[in-house]
Amino acid sequence: MIRTVLRPKWLAALVLAVAFAVACVLLGEWQLEEARAEGRAEAIERAAALPVAPLTEVVQPQSEFPAGGSTRPVTATGVYAPEHQVLIADRRLEGEPGFWVVTALVVDETGASLPVLRGFVADPDQAPEPPQGEISIAGGLAPGESPTSEAGLPAGVLRSIDMSILVNEWDTQVYNAFVFVTEEARGGAPVPLDGLDRVPPPTGEASELNLKNAMYALQWWVFAAFGFFLWWRAVRQAHFEESAEESAGETGAAHTVSLSEPAQLKEQV
């Protein structure tokens, strides 16, 4: 089999099969990214179609995050606690590294603290103090983030919005959710950003896929494998034909020898 594989024409065919497979894999990855993009777009449409609801109707303090609550538009009213403001490190906005500014909003109806992602700063020293007085907010709801190591970080800086840490540091009841704030108002007037850049609300889980585009991606990868299958089948067939020809040649040679033996015996007699 190896001798057949190493023949120039089959090596050339293998190169073509590899090139075909690479093209199919790249096309499949492109189609998969399209599936993700379509899935995110559909998630945005679903979230936008949901009615804006008061926070207290969607989630309660220290309770489980509601099913289907991710990206849900909510509103809340309360007072910011400046002593309960933290920075979340290792974040990016439009490609620029920096920090999220997260502040506790003490919600009027419950007295519990709601982590509010007010915005993004590139320099932690430029993070502004939260506005004073009663504030009304609106934004997209999100679940708390997974715990990460906080080693090496200064006080007041975390690597994730970890609710277990916030409960201990704030020493209050805390909502098991946070809000990507899109609007802040005080007395009906918008609150100045004071150097903050808003962080867009989530656009759906990254794992969401558009099924149709995902199937197209799978088809491209199947085509890649099928190219190798066709090459292997052709090489295998060629190997069997060569083996058959060699066997036929050996049989013919043996038959010729057997026919010549009587004549040799006759000459000897």
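Structure: above.
Chains are numbered independently. Their residues run from 1 in the order of the written sequence. Only residues with pLDDT of 70 or above have their local features reported here, since the model is predicted, and side-chain atom pairs are shown and tallied only from 80 upward, although totals for entire chains, interfaces and linings are computed over all residues. Just so you know, side-chain values use all the structure's heavy atoms and leave hydrogens and water out.

Chemist: Whenever I open this one, the packing of aromatic side chains confuses me. Can you help?
Modeler: The description of two aromatic rings rests on the distance between their centres and on the angle between their planes. Only Phe, Tyr and Trp rings are paired, with Trp represented by its six-membered ring, and only when their centres lie within 6.5 Å; those with planes under 30 degrees apart are stacked, over 60 edge-to-face, the remainder tilted. In this structure the tally under the stated criterion is 3 aromatic pairs. Arranged with centres 5.6 Å apart and planes meeting at 80°, the rings of Trp100 and Phe180 form a pair that is edge-to-face. On the criterion of sequence distance, the pair formed by Trp100 in strand S3 (residues 96-107) and Phe180 in strand S7 (residues 178-186) is long-range, its members being 80 residues apart. Assigned by exposure class, Trp100 and Phe180 land together as buried. Arranged with centres 5.1 Å apart and planes meeting at 40°, the rings of Phe178 and Phe180 form a pair that is tilted. Exposure class is identical for Phe178 and Phe180. Each is buried. Each helix is a run of DSSP H or I of at least 4 residues and each strand a run of E of at least 2, with the numbering of both proceeding from the N terminus. Between buried and exposed lies partly exposed: a residue is buried under 20% and exposed over 50% of the maximum accessible area for its type, with that area taken using a 1.4 Å probe on protein chains only.

Chemist: I'm lost on helix H4 (residues 163-170) in this one. Help?
Modeler: For an α-helix, the turn length of 3.6 residues means that residues three or four places apart are oriented alike. Taken residue by residue, H4 has Met163, Ile165, Leu166 and Trp170 as its buried positions. Take H4 and look down its axis: the buried residues cluster within an arc of 155°, on one side only. Note on contacts: a residue pair qualifies if any of its non-hydrogen atoms lie within 4.5 Å across the two residues. In this structure, the buried side of H4 is in contact with strand S2 (73-93), S3, strand S4 (113-121), strand S6 (157-158) and S7. Once H4 ends, the next one or two residues include Asp171, with phi positive near 55°. This arc describes the spread of directions from the helix axis toward the C-beta atoms.

Chemist: Even after reading the chapter, I still don't get unusual backbone geometry, so can you show me in this structure?
Modeler: With the exception of glycine, the majority of residues adopt a negative phi angle, and the majority of peptide bonds are in the trans configuration. Positive phi values are uncommon outside glycine, yet Thr71 reaches one of about 75°. On the secondary structure map, Thr71 appears in the loop between helix H3 (55-58) and S2. Of note, the phi angle at Asp171 is positive, near 55°, even though the residue is not glycine. Position of Asp171 among the secondary structure elements: in the loop between H4 and S7.

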